Amino acid sequence: MSNGFTAEVRSGDKSDAWYHQLMVRIREITDPDLRARVLEALAGVRGCSIAAIPDWFELDDADFVDLLNLLKEEDMGDGPDDPRM
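Residues numbered from 1 in each chain as written. Predicted model: local features only at pLDDT ≥ 70, side-chain atom pairs only at ≥ 80, totals over all residues. Heavy atoms only, no water.

Asks: Even after reading the chapter, I still don't get helix α1 (residues 32-46), so can you show me in this structure?
Replies: Each α-helix winds once per 3.6 residues, and so residues spaced three or four apart point in a common direction. A rise of 1.5 Å per residue sets the reference length of α1, with its 15 residues, at 21 Å; its end C-alpha atoms lie 21 Å apart and thus fit the reference within 8%. Looking only at α1, the buried set comprises Val 38, Leu 39, Ala 41, Leu 42 and Ala 43. Tucked inside the fold, the buried residues of α1 contact β3 (58-60) and α2 (61-76). Just past α1, the residue Gly 47 takes up positive phi, approximately 70 degrees. (Helix = DSSP H or I, 4+ residues; strand = E, 2+ residues; numbered from the N terminus. Expected span 1.5 Å × (residues − 1). Buried < 20%, exposed > 50% of the residue type's maximum accessible area, 1.4 Å probe, protein only. Contact = heavy atoms within 4.5 Å.)

Asks: I would appreciate a short explanation of the nonpolar core in the present structure.
Replies: The biggest cluster of nonpolar side chains holds 14 residues, and the ones touching the most others in it are Ile 26, Val 38, Leu 42 and Leu 59. For this core, the secondary-structure elements that each account for two or more residues are α1 and α2. In terms of residues, this core owes the most to one element, α1, which gives five residues. Setting aside chain neighbours within four positions, we find Val 38 in contact with Ile 26, Ile 29, Leu 59, Phe 64, Leu 67 and Leu 71. (Core = buried A, V, L, I, M, F, W, Y, C linked by side-chain atoms within 4.5 Å.)

Asks: Would you mind showing me how to read α2 here?
Replies: In this model α2 runs 22 Å from its N-terminal to its C-terminal C-alpha over 16 residues, within 8% of the 22 Å that 1.5 Å per residue would give. Taken together, the buried positions of α2 are occupied by Phe 64, Leu 67 and Leu 71. Down the axis of α2, the smallest arc covering the buried residues is 65 degrees, so these residues share one side. Turned more than 90 degrees away from the buried face of α2, the exposed residues are Lys 72, Glu 73 and Met 76. Just beyond α2, the residue with positive phi is Gly 77, at close to 65 degrees. (Arc of directions from axis to C-beta.)

Here it is as structure tokens:
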């Protein structure tokens, strides 16, 4: 059974172990600016338009973190890596 935040994925081995994986739905991002930026980054990564990504689209936690890191890199710009400079 799954709720809005977890999905159970059966492992490939023969044991009946179940794992919980955090899922983030686009519609659950409440900050409109962040939501738009995530949609734009996701569309760029997938090579499609923003309109092609449905509101119910889910990202696992690793993919969401990858997108956030991509957005962070874009925000950092071409400035120096060392903040003391």
